[in-house]
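The residues making up each chain are set out below.
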Amino acid sequence: MRAVLQVFENYQKARVNFVQTVAELATRPQNIEALQNAGVMQLLRPLLLDNVPSIQQSAALALGRLANYNDELAEAVVSNEILPQLVYSLAEQNRFYKKAAAFVLRAVAKHSPQLAQAVVDSGALDALVGCMEEFDPGVKEAAAWALGYIARHNGELAQTVVDAGAVPLLVLCVQEPELTLKRIAASALSDICKHSPELAQAVVDAGAVAYLAPLIQSPDGKLKRQVCACLAQIAKHSVDLAEVVVEAEVFPKILNLLKDMDVYVRKNAATAIREVAKHTPELAQLIVNAGGVGAMVDYVAEARGNARLPGIMTLGYISAFSETLALAVIVSKAIPPLVNAVVTEPEDHLKSAACWSLGQIGRHSPDHAKALADANVFPKLLAVLLHDSSSEDLKTKAKRALKSVIQKCVHLPALEPLLHDAPENILKYAVHQFAKVLPHDVAARRSFVTSGGLQKVLELQPEPGSKLADFVNAIKEVYPPEIVDYYSPNYSKQLLDMLDPNATGE
């Protein structure tokens, strides 16, 4: 009898040893290919239904680590029909196994919409939502994580997660005391909200914002990251949704996060503020009243790289709405950090955003344009417009910004350098400003001559009948013919010709 039992004990020990060793080997990327080639999937599959619970858990853990590694292994989990077994076990087994099984589902779903759909098709959603009602926070966490990974791919998958009844349970998880559970629930809600106004509305209707908003004051950096990201994903869709976020009294508290220790908290907070600011003048004004512009200017001055983008765009959105709002941005000293971004950021899309924001600030009135001129913005915009390596989008944004600000600029000394360097599509706007201002300003007419501006304009050779030719002619008309002749390019030649007797017919 003993000899018979010994055989079974040895077999059980061998199985335990096998799954534990495979689970350990699967933690190191260099082992994955060898495990795959050895047919590890087919060997682990029956062990998921083993009569020893610890073997089931280790088998699930090993499968999760393999599936997590790449989409090919995740597809092998699907093709070996392992998902239905996991889903069946999720409803039946103990909490340790549930965590391991939810980990496998998450590891498969994360790679692509197709693999996430395979997880949904296996009936996993109801089982995962069932796990969200468990007492153990570790099980809830694993299930919430898997649901978030399914929802993040596209709106259809996110809708299936909503339809399965996950949202109210995720909102309950946000209220739980465990930090990691709060983080993962906030992240999953964010992954649902991001796709469409309807999905964001489903999260709002479940009362999520009232529980998320106070967490921006949490001491935990990772939680603040997820909460700010989720508020941004809600606010971005519409005015109504942005107002829901504002009504939860996130201002001015969220502005403090722009100074947070954690770079991702700062960036996500800036993104949430941008998603509110972009909708209406009233929401932009609310941010200004809360002291948001000064805080955002400091943020743009300190941040570098992609983290700068939401700050740069927020200043542009606020300025776009009205003269008054743009003036608030100028007074808060926003122009120097935006110019710095145009000049120093290596990525073209950041330069583009800074050009766009500068254009929004300067396009309202002569005073706004002068603020840009005084900060020496025109040469900087011109430099990125003319640079060979600038992307088409950057050139377009720089050109539009120059055009819109030049058309408001009556501070002529700032426009003069453009006469020397600008291409014709920008030059015509600068010359037009001279044509508008010079007839009414004696001092400007005098300084335009002494600075060499008039000479430069007369050296231009515009197409007859073009707008530029009309503007040059308008400038000529405000000066006496003698002065126009004197500064014309051929004048010295004409004088010399008069000295030449042959030329005069003598």
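Structural notes, computed from the coordinates. (Residues numbered from 1 in each chain as written. Predicted model: local features only at pLDDT ≥ 70, side-chain atom pairs only at ≥ 80, totals over all residues. Heavy atoms only, no water.)

**Overview of the overall build of the protein**
The line we're drawing: Helix and strand labels come from DSSP, where a helix needs a run of H or I of at least four residues and a strand needs a run of E of at least two; each type is numbered from the N terminus. Each radius of gyration is computed over the set of C-alpha atoms, and the globule rule expresses the reference value as 2.2 Å times the number of residues to the power 0.38. To measure how exposed things are, a 1.4 Å probe is used in the Shrake-Rupley method; for residues, cover is taken only from the protein chains shown. Neither His nor the chain termini are counted; the positive set is Lys and Arg, and the negative set is Asp and Glu. By convention, charge coordinates are those of NZ in Lys, CZ in Arg, CG in Asp, or CD in Glu.
If you tally the helices and strands in the protein, you get 36 helices and zero strands. Rg of the C-alpha trace for the protein: 33 Å, well past the compact-globule value of 23 Å for 506 residues, more than 25% over. C-alpha extents for the protein along the principal axes are approximately 140 × 50 × 35 Å. Of the accessible surface of the protein, which amounts to about 23,200 Å², a share of 53% is contributed by carbon and sulfur atoms. Each charge sign in the protein was given a centre, from 47 positive and 55 negative side chains, and these centres are 5 Å apart.

**Topic: unusual backbone geometry**
Residue Pro-252 follows Phe-251 across a cis peptide bond; omega there is 0°. Turning to its location among the elements, Pro-252 is positioned in the loop between helix H17 (239–247) and helix H18 (253–256). Positive phi, close to 60°, is recorded for Lys-333, a residue that is not glycine. Among the secondary structure elements, Lys-333 is positioned in the loop between helix H23 (323–331) and helix H24 (335–344).

**Points about a nonpolar patch on the surface**
Our working rule: Within the patch definition used here, like charges are joined within 9 Å and nonpolar side chains (Val, Leu, Ile, Met, Phe, Trp, Tyr) within 5 Å, considering only residues with over 30% relative accessible area and no salt bridge. We count a salt bridge whenever a side-chain nitrogen from Lys or Arg sits within 4 Å of a carboxyl oxygen from Asp or Glu. Exposure categories follow from relative accessible area, calculated using a 1.4 Å probe and restricted to protein chains: below 20% of the type maximum is buried, above 50% is exposed, and the middle band is partly exposed.
On the surface, Val-4, Val-7 and Phe-8 cluster together into a nonpolar patch covering about 310 Å² of accessible area. By secondary structure assignment, the location of Val-4 is in helix H1 (residues 2–25). Using a relative accessible area of 47% as the deciding quantity, one classes Val-4 as partly exposed.

**Side note on the side chain of Asp-136**
Selection rule: A 3.5 Å cut-off defines polar contacts: any pair of N or O atoms within that distance qualifies, except that in protein one atom must be a possible hydrogen donor and the other a possible acceptor, and neighbouring residues in sequence count only when both atoms are side-chain atoms.
When you line up the elements, Asp-136 lands in the loop between helix H9 (124–131) and helix H10 (137–151). One polar contact links the side chain of Asp-136 to the main-chain amide nitrogen of Val-139, over a distance of 3.0 Å.

**Let's talk about the pattern of salt bridges**
Tallied over the full model, the rule gives 19 salt bridges. Measuring nitrogen to oxygen at the nearest pair gives 2.9 Å for the salt bridge that ties Glu-275 to Lys-278. With relative accessibility at 7%, the residue Glu-275 sits in the buried group. Relative accessible area serves as the criterion here: at 28%, Lys-278 is assigned to the partly exposed category. With its nearest N and O atoms 3.0 Å apart, the salt bridge here joins Asp-374 to Lys-370. Of the two residues, Asp-374 and Lys-370 are both situated in helix H26 (residues 366–374); the distance of four residues between them amounts to about one turn of the helix.

**Quick word on H24**
Note the threshold: Contacts are assigned to residue pairs with any non-hydrogen atoms lying within 4.5 Å of each other.
Among the residues making up H24, those that are buried are Ile-335, Pro-337, Leu-338, Val-339, Ala-341 and Val-342. For H24, the secondary structure elements touched by its buried residues are helix H21 (292–302), helix H22 (309–321), H23, helix H25 (348–362), H26 and helix H27 (377–386).

**Topic: the nonpolar core**
Across soluble globular proteins, nonpolar side chains have a tendency to be buried as a group. Going by this rule: Among the buried residues, those of types Ala, Val, Leu, Ile, Met, Phe, Trp, Tyr and Cys that are joined through side-chain atoms within 4.5 Å form a nonpolar core.
If you look at the biggest cluster of nonpolar residues, it comprises 190 residues, and the most contacted ones within it are Leu-128 and Ile-475. Counting residues per element, this core draws most heavily on helix H7 (residues 95–109), at nine residues. Ile-475 has contacts with Val-431, Phe-434, Ala-435, Leu-438, Phe-448, Leu-454 and Val-457, leaving out every residue within four places of it along the chain.

**Quick notes on the state of the cysteines**
Put simply, the rule reads: Counting rule for disulfides: a pair of cysteine sulfur atoms within 2.5 Å.
Enumeration over the complete set of coordinates arrives at zero disulfides. Cys-193 provides the cysteine sulfur closest to Cys-230, a residue in no disulfide bond, and the two sulfurs are 4.3 Å apart.

**Topic: a positive patch on the surface**
On the surface, Lys-399, Arg-400, Lys-403 and Lys-467 cluster together to form a positively charged patch. For the positive patch, the element with the most residues is helix H28 (residues 392–406), which contributes three residues. By the element assignment, Lys-403 lies in helix H28. A relative accessible area of 34% means that Lys-403 is categorised as partly exposed.

**A closer look at a negative patch on the surface**
Among the surface-exposed residues, Glu-33, Asp-71, Glu-72 and Glu-75 lie close enough to one another that they form a single negatively charged patch. Examining the composition of the negative patch, we find that three residues originate from one element, helix H5 (residues 71–79), more than from any other. Position of Glu-72 among the secondary structure elements: in helix H5. Residue classification places Glu-72 among the partly exposed positions, given a relative accessible area of 48%.

**A short note on the packing of aromatic side chains**
In this description, an aromatic ring pair is defined by two values, namely the gap between the centres and the angle between the planes. Which entries qualify depends on this criterion: Classification of ring pairs rests on two measures: the distance between centres of Phe, Tyr or Trp rings, Trp counted by its six-membered ring, which must be within 6.5 Å, and the angle between planes, read as stacked under 30 degrees, edge-to-face over 60 and tilted in between.
Tallied over the entire structure, the rule returns three aromatic pairs. Look at Trp-145 and Tyr-149: their rings are 6.5 Å apart centre to centre, the planes differ by 75°, and that puts the pair in the edge-to-face class. Within this pair, Trp-145 and its partner Tyr-149 are both found in helix H10, separated by four residues, close to a single helical turn. Accessibility expressed as a relative area gives 32% for Trp-145, which makes it partly exposed. Between Tyr-317 and Trp-356, the aromatic rings sit 5.3 Å apart at their centres with planes inclined by 75°, giving edge-to-face as the arrangement.

**Focus on the side chain of Asp-191**
With respect to the helices and strands, Asp-191 occurs in helix H13 (residues 179–193). When its relative accessible area of 9% is taken as the criterion, Asp-191 is described as buried.

**A look at the packing of helix H4 (residues 53–69) against H7**
Condition: Note on method: axes are straight lines fitted to C-alpha atoms, helices fitted across the in-contact stretch only, with angles between N-to-C directions ranging 0 to 180 degrees. Working definition: roughly parallel below 35 degrees, roughly antiparallel above 145 degrees, roughly perpendicular at 65 to 115 degrees, and oblique for all remaining angles. With the far helix as reference, a near helix turned anticlockwise by less than a right angle produces a left-handed crossing, and one turned clockwise produces a right-handed crossing. As a working rule, the residues Ala, Val, Leu, Ile, Met, Phe, Trp, Tyr, Cys and Pro are called nonpolar, Asp, Glu, Lys and Arg charged, and the rest polar, with Gly in that last group.
Contact geometry for H4 and H7: axes closest at 8 Å, N-to-C directions at 20°. Taken together, the axes of H4 and H7 lie roughly parallel to each other. Once H4 is placed against H7, the crossing between them reads as left-handed. For the pair formed by H4 and H7, the contact residues are Gln-56, Gln-57, Ala-60, Leu-61, Leu-63, Gly-64, Arg-65, Ala-67 and Asn-68 on the first element and Phe-96, Tyr-97, Ala-100, Ala-101, Phe-103, Val-104, Ala-107 and Val-108 on the second. Taken together, the residues of the contact of H4 with H7 break down into twelve nonpolar, four polar and one charged.

**Here's the deal with the environment of Ala-166**
Along the chain, the position of Ala-166 falls in helix H12 (residues 166–174). On the basis of relative accessibility, which here comes to 0%, the residue Ala-166 falls in the buried class. Along the primary structure Ala-166 and Ala-59 are separated by 107 residues, whereas in three dimensions their C-alpha atoms are 27 Å apart. Non-local contacts of Ala-166, meaning those with residues more than four positions away in its chain, are made with Val-129, Leu-147 and Val-161.

By themselves, these observations are geometric and do not establish any function.
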